[in-house]
Amino acid sequence: MAAAPGPIPPYADPALPAATTLTTPGKGSGTRKAGIGRWRRLSLTTRLVAMILVIMAAVLAAFGAVTVAVMHHNLSQRLDSDVQQAMLRSLSYARPTDHDDDVHDRNPIDAPGQPTRVLTLVRDASGSTAAYYRVPDGSTSALRVADVQTIAAAGLLTPATGAAHNDAETTPRLPAPQTVRLSIGEYRMQSITVADQSSGGVKVVVTGLPTTTVDGPVAFLTATELVGGASALLLAGLVATLAISRSLRPLARISKVATDVAAMPLESGTVDLSGRRVPTDLAQPGTEVGNVGHALNLLIDNVDEALGARARTERQLRAFVADASHELRTPLAAVRGYTDILRLTEELSPEGRTSLGRVESQTDRMTGLVEDLLMLARLDEGRTPTFVDLDLSELAVEAVMDATAAGPDHVFTCDVPDEAMTVHGDRRQLSQVIANLLSNARKHTPPGSTVSTVVRRGGDGSVEAIVTDDGPGIDPDFLPHLFDRFARADTSRRSTEGSTGLGLAIVRAVVEAHHGTVTCSSRPGNTVFTVRLPAAGTPAPRLPGVPGAPSAPSAPSTPTRPGPRT
């Protein structure tokens, strides 16, 4: 008993051998998707013009093919009719009548009315063939033997069995013409078998006309349609490109509005979108362009309202932070004062002194946080700092001296030039910038690390302050968020002291308020912070969304320079 066939595996055809399986398409679909992607990347004008030209080319091709086919058919029928007429003239001339009994075996090509380039062949009962054709000048020439053999091979010289035409017939039934290619060209030929009165047998008469009367006009019509179609496509492409470009010109204006809005610094400061709207004539619903313009105006209105709400919220938050920071300074100062009184007036146990020290430490930390928040709030409000001409080298030396006292377990170096690196800015704020960078390096590097500070003239004439340390470096994923508020790089640069996470945020806010930039590059063993500030007397345009620009330069002060360089 035969075993039942097992289940057919997936994608297997039972009609194929066992080793043959069907595979799913892969490469073809990928190529098709790539082609679709390239098509979609083309401009709308290009795609519309291409589709119009493709449709028009298809219509012209179909119309041309039909007209050529119809003309070829009509001319072929006319040629067949001319061949039959020539055949009838050949028959009438070749057979004798009652009036010319003494004339036999006349050449059919000499029949009156025969056109030029006509050819005739007569094969008698004995098998001999007389073949002639009329050249364009009207004379008669014998047909080549090779051409006669070609005609014979086509079966045109073979007598039709039982189909001999006799004299009683006045309108013989002629067979369908055939097309034969000869050395003198392509001919449309027709043959008929008639009775041979002289021999009592039959003879075959063949008549043919060249197909140039068909091929010539058809070729001319084809060439005319190709040239005319190509010209029409070219003209249609130009007209369509101009018309579509003109029709899509409003979309370009709408796109410009959208591009202008997208280029605005929406992420910072107060943004005015009141003048950024699509013109009314392009924002009327009902047309494609009008619908797009109307939708874009609605979108801009919503964005404008959202930005206004955000600005109001930010102002309220800044005011709250500034007020809270200001109000917290008094109780913190009181807490600090009471801890000092307790330490001086009370006898405390070792545990009590430790606890009191922790209270003082946390009070100092809270005071620093409040001061940082208050400074950021003032910078966000756009308060104008006190701008004077000052030597950045002097600030760097003082900051390094303070950092050396605060971090004796680190090595601090300072390299400043002999010439004054004068900038126009707020002395207290710029001092805090350098102090914050040194404090950040001290807190986030292990003891024994070297922190170097360099002040120099930049290649573009600006003044640069560069702080470098040889610590563990900063995680590359954290670098984009390094200057954000309350940002902490805990995974790479662990702090040995308490940190508010506002130091570098203050650095960026102060530097941008002075029309400068601050950047950071880091790898293990080399972390570099670079502050660039415009040199004094150099006009600096306001950065987008940066508050705190001076309205007028203050009277320059003569910067003082420290004696020793460390």
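**Student:** Account for the overall build of the protein, with residues named and values stated.
**Tutor:** If you tally the helices and strands in the protein, you get 9 helices and 13 strands. Across the 566 residues of the protein, 32% fall into the buried class. The contacts of the protein with a sequence gap of at least 6 include a subset with a gap of at least 24, amounting to 66%. About 32,600 Å² of surface is accessible on the protein, with carbon and sulfur atoms providing 59% of the total.

**Student:** With reference to specific residues and values, describe the packing of helix α8 (residues 427-443) against helix α9 (residues 503-513).
**Tutor:** Relative to each other, α8 and α9 sit at 145 degrees, their axes nearing to 9 Å. Relative to α9, α8 is oriented so that their crossing is left-handed. Two secondary-structure elements touch here, α8 through Gln 429, Leu 430, Gln 432, Val 433, Asn 436, Leu 437 and Asn 440 and α9 through Gly 503, Leu 504, Ile 506, Val 507, Val 510 and Val 511. Across the contact of α8 with α9, the residue classes tally to 8 nonpolar, 5 polar and no charged.

**Student:** Outline the pairing of strand β9 (residues 422-425), supporting the account with residue identities and numerical values.
**Tutor:** Only one face of β9 is covered, namely the one carrying Val 423 and Gly 425; the face carrying Thr 422 and His 424 has none of its residues buried. As defined by bridge partners, strand β7 (residues 388-391) adjoins β9 across 4 bridges and the pair is classed as antiparallel. Residue pairing in the sheet places Leu 390 in a bridge with Val 423 of β9.

**Student:** Tell me what's going on with helix α4 (residues 212-263), and back it up with residues and numbers.
**Tutor:** Along α4, the sharpest kink reaches roughly 40 degrees, centred on Arg 249 and followed within four residues by the proline Pro 250. Among the residues making up α4, those that are buried are Val 214, Val 218, Gly 229, Ala 236, Gly 237, Ala 240, Ile 244, Leu 248, Pro 250, Ile 254, Val 257 and Val 261.

**Student:** Tell me what's going on with the packing of aromatic side chains, and back it up with residues and numbers.
**Tutor:** In total, this model carries 1 aromatic pair according to the counting rule given. Ring centres of Phe 483 and Phe 529 lie 6.2 Å apart, and the angle between their planes is 85 degrees; on these two criteria the pair is classed as edge-to-face. Taken together, the positions of Phe 483 in the loop between β11 (463-469) and α9 and Phe 529 in strand β13 (residues 526-533) put the pair 46 residues apart, joining distant regions of the chain. Accessibility expressed as a relative area gives 10% for Phe 483, which makes it buried. What makes Phe 529 buried here is its relative accessible area of 2%.

**Student:** So what about the confidence of the model for the protein? Which residues, and what values?
**Tutor:** Across the protein, the average pLDDT comes to 79, with 79% of residues at or above 70. Segment residues 1-24 is flagged for pLDDT under 50; beyond a separation of four residues in sequence, or across chains, it makes 6 contacts in the model. Counting contacts from residues 541-566, a segment whose pLDDT is below 50, to residues more than four positions away or on other chains yields 55 contacts.

**Student:** Pulling in residues and values, what's your account of unusual backbone geometry?
**Tutor:** Backbone geometry at Arg 117 places phi at a positive 65 degrees, although glycine is not the residue there. Inspection of the secondary structure assignment puts Arg 117 in the loop between α2 (44-94) and β1 (119-123). Positive phi, normally seen in glycine, also occurs at His 515, with a value near 65 degrees. Looking at the element boundaries, His 515 is found in the loop between α9 and β12 (517-523).

**Student:** Outline the sheet that holds β13, supporting the account with residue identities and numerical values.
**Tutor:** Pairing is mixed across the open sheet formed by 5 strands, whose spatial order is β8-β10-β11-β13-β12. The two strands at the open ends of the sheet, each matched to only one other strand, are β8 (411-415) and β12. The mean angle between the axes of side-by-side strands here comes to 15 degrees, regardless of whether they run parallel or antiparallel. Sheet topology note: the β11/β13 ladder contains 7 bridges and is antiparallel. Each bridged residue has a counterpart across the sheet, and for Asp 469 the counterpart in β13 is Thr 527.

**Student:** Account for the pattern of salt bridges, with residues named and values stated.
**Tutor:** Any two side chains of opposite charge can pair, given that their charged atoms come close. Summed over all chains, the structure comprises 13 salt bridges. Between Asp 260 and Lys 256 there is a salt bridge, with its nearest N and O atoms 3.1 Å apart. Here Asp 260 and its partner Lys 256 are both found in helix α4, 4 residues apart, which amounts to about one turn of the helix. Notably, a salt bridge pairs Glu 360 with Arg 343, separated by 2.9 Å at the nearest N-O pair. Here Arg 343 lies in helix α5 (residues 288-345) and Glu 360 lies in helix α6 (residues 350-380), a separation of 17 residues in the sequence. Of the residues examined, Glu 360 reaches a relative accessible area of 11% and is grouped as buried. Here Arg 343 falls in the partly exposed class, since its relative accessible area comes to 37%.

**Student:** Could you give me a rundown of the side chain of Asp 469, with the residues and numbers involved?
**Tutor:** Mapped onto the secondary structure, Asp 469 falls in strand β11. A relative accessible area of 3% places Asp 469 in the buried class. A distance of 2.9 Å separates a polar side-chain atom of Asp 469 from the backbone nitrogen of Gly 471.

About the criteria used
- Going along each chain's sequence as written, the residues are numbered from 1 onward.
- For a predicted model such as this one, the threshold for reporting local features is a pLDDT of at least 70, and the threshold for listing and counting side-chain atom pairs is 80 or more; totals across whole chains, interfaces and linings nevertheless cover every residue.
- For side-chain calculations, the full set of non-hydrogen atoms in the structure is used, while hydrogens and water are omitted.
- Counting from the N terminus, the helices are the DSSP runs of H or I reaching at least four residues and the strands are the DSSP runs of E reaching at least two.
- Only protein chains enter the accessibility calculation, which uses a 1.4 Å probe; a residue whose area is less than 20% of its type maximum is buried, one above 50% is exposed, and one in between is partly exposed.
- Contact criterion: two residues are considered in contact whenever any of their non-hydrogen atoms come within 4.5 Å of each other.
- Under the convention used here, a 1.4 Å probe and the Shrake-Rupley method define accessible areas, while residue burial counts only the protein chains that appear.
- Fitting a line to C-alpha atoms yields each axis, with helices limited to the stretch in contact; the angle taken between N-to-C directions then spans 0 to 180 degrees.
- Here is the rule for handedness: rotate from the far helix to the near one, and if that takes an anticlockwise turn smaller than a right angle the crossing is left-handed, while a clockwise turn gives right-handed.
- Under the scheme applied here, ten amino acids are nonpolar (Ala, Val, Leu, Ile, Met, Phe, Trp, Tyr, Cys and Pro), four are charged (Asp, Glu, Lys and Arg), and all others, including Gly, are polar.
- Here, a strand pair is defined by DSSP locating no fewer than two bridges between the strands.
- By definition, a residue's bend is the angle between the axes fitted to the seven residues ending there and the seven starting there.
- Any Phe, Tyr or Trp ring, taking Trp's six-membered ring, that has another such ring centre within 6.5 Å forms a pair; planes under 30 degrees apart are called stacked, those over 60 apart edge-to-face, and the others tilted.
- A residue's pLDDT is simply how confident the predictor is in it, with values from 0 to 100.
- Salt bridge, as used here: a side-chain nitrogen of Lys or Arg that lies within 4 Å of a carboxyl oxygen of Asp or Glu.
- Each polar contact in these results corresponds to two N or O atoms within 3.5 Å; when the atoms are within protein, one needs to be able to donate a hydrogen and the other to accept it, and residues that are neighboring in sequence are counted only if both atoms are side-chain atoms.

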